[in-house]
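Tertiary structure, described
So you can see what is in the structure, the chains are spelled out below.
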Amino acid sequence: MLPINVEIVKMEVENGRAEMELALPACLEAKEKGSFELYLWEAGALSVRQGTQMQFSGNSMVSLHPVFCSIYPAGEDDNCAIKIAQPHLWEGTDKPYLYHLEIYWVSSSGSVESGNKRITRELVCDRFIAIRTVNYIPGKGYFLNGHSFLPRCIYYDRISNISSGGEQIFWEGIMQKLRILAQMGANTLILGSGEGMSAEERISLQKYCDRVGMLLRIGEGYSKSDDCVAGVLLFESPGLPTDVYYRYRSMWSKEPFVYISAKSLHRQADGRYALTVYTSCKKVTLMVNDKVFGVCEGTGELIFPDISLKGFPVNITARTEEHSMTVRCYRI
């Protein structure tokens, strides 16, 4: 039996309990009499936030504890219901907790009387599920698990603009890019068009977004209430972050960093120079050839004007309490 597509048609979280309904295919041929065995395991979080740092634990996820199992006869008209007491909720980039769903197709052949009865179990579904509720209330905005949620969105026209290459390289590229976007502070991926995407591709994209803690919205634009940036502005070939990426990271990210925009260094009318630094820290000290030039307080985009540079090459360093970056300039 080939792998099956399982659609989650209902997800409710209330009073410390979670309930979901899965639509299993009732398409089995009459001769394939059998049943589905469902197992739901706690899987934990692929990425967790340690203080202000986003930590990724790798690509593999290990199931920890079983929380639900069921035998569901093939051909049943009703959806398969799963109920979980005291569920761990998926909470975005802060705690993208997931559950591991395994479904087996169990069939038998022969008979007990003839002595050749044989039972086979085949894994037909292996995926991860996020337990969460997302609601939009006009005039109030988005709510994740009942709490106010401010979408910080990355917009792409279609999935092919996120990555390229063969199938394995394609999905590896998407996962890597989503990790970088999550570290930037983004929490929502908007895909303007789902045209041409197969069910498997939708499930895969959802899986990778869930793993890094990003919501996925397919087939829609973005509203004025969304804090949004076009993904094509964030990376240069071959995937290096641009100044736009660091500008948004300085506004969105909880992770401390400092970045010197080398491209921003330019000569002023009076012959001196100006430079832009992006940071999520509260104070940046700028040094020129190991000598303190000035200190700027605040986060986001910081501009240092009136820098005197005499002779090249020159080293320019931006320092915070935890991080530093140095740019060596040979000429302007």
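Residues numbered from 1 in each chain as written. Predicted model: local features only at pLDDT ≥ 70, side-chain atom pairs only at ≥ 80, totals over all residues. Heavy atoms only, no water.

Another point: the environment of Thr 120. Turning to its location among the elements, Thr 120 is positioned in strand E9 (residues 118-129). Along the backbone, Thr 120 and Tyr 104 are 16 residues apart, and their C-alpha atoms lie at a distance of 9.6 Å. With residues up to four places along the chain from it excluded, the contact list for Thr 120 reads Trp 105, Val 106 and Ser 107. (Helix = DSSP H or I, 4+ residues; strand = E, 2+ residues; numbered from the N terminus. Contact = heavy atoms within 4.5 Å.)

Right, let's get into the nonpolar core. In this structure, Ile 154, Ile 159, Leu 178, Leu 181, Met 184, Leu 189 and Leu 205 are the most contacted members of the largest nonpolar core, which totals 33 residues. Considering each element in turn, this core owes the most residues, nine residues, to helix H1 (residues 167-184). For Leu 178, the contacting residues outside a window of four places in its chain are Leu 189, Tyr 208, Cys 209, Val 212 and Met 214. With 23 residues, the next largest nonpolar core counts Met 20, Leu 22, Tyr 99 and Val 124 among its residues. (Core = buried A, V, L, I, M, F, W, Y, C linked by side-chain atoms within 4.5 Å. Buried < 20%, exposed > 50% of the residue type's maximum accessible area, 1.4 Å probe, protein only.)

Let us look at the pattern of salt bridges. When the charged atoms of two side chains lie near each other, side chains of opposite charge can form a pair. Following the criterion strictly, the structure yields 10 salt bridges and no others. The salt bridge partner of Glu 21 is Lys 10, with a shortest N-O separation of 4.0 Å. Pair noted here: Glu 21 is in strand E2 (residues 17-23) and Lys 10 is in strand E1 (residues 7-14), with a separation of 11 residues, a long-range link. Judged by relative accessible area, Lys 10 falls into the partly exposed class, the value being 24%. Note that Asp 306 is salt-bridged to Arg 272, the shortest N-O span being 3.6 Å. Linking Asp 306 in strand E23 (residues 300-307) with Arg 272 in the loop between strand E19 (258-267) and strand E20 (273-279), this pair joins segments that are 34 residues apart in sequence. A single salt-bridge network, built from bridges that share partners, covers Lys 10, Glu 12, Glu 19 and Glu 21. (Salt bridge = Lys/Arg side-chain N within 4 Å of Asp/Glu carboxyl O.)

Let's shift gears to helix H3 (residues 243-252). Burial within H3 is extensive, with seven of its 10 residues counted as buried. Along H3, the positions that sit buried rather than exposed are Asp 243, Tyr 245, Tyr 246, Tyr 248, Arg 249, Ser 250 and Trp 252.

To continue, consider the side chain of Thr 276. Topologically, Thr 276 is positioned in strand E20. Look past the residues within four positions of Thr 276 in its chain and what remains in contact with it is Tyr 259, Ile 260, Ser 261, Ser 264, Glu 301, Leu 302 and Ile 303.

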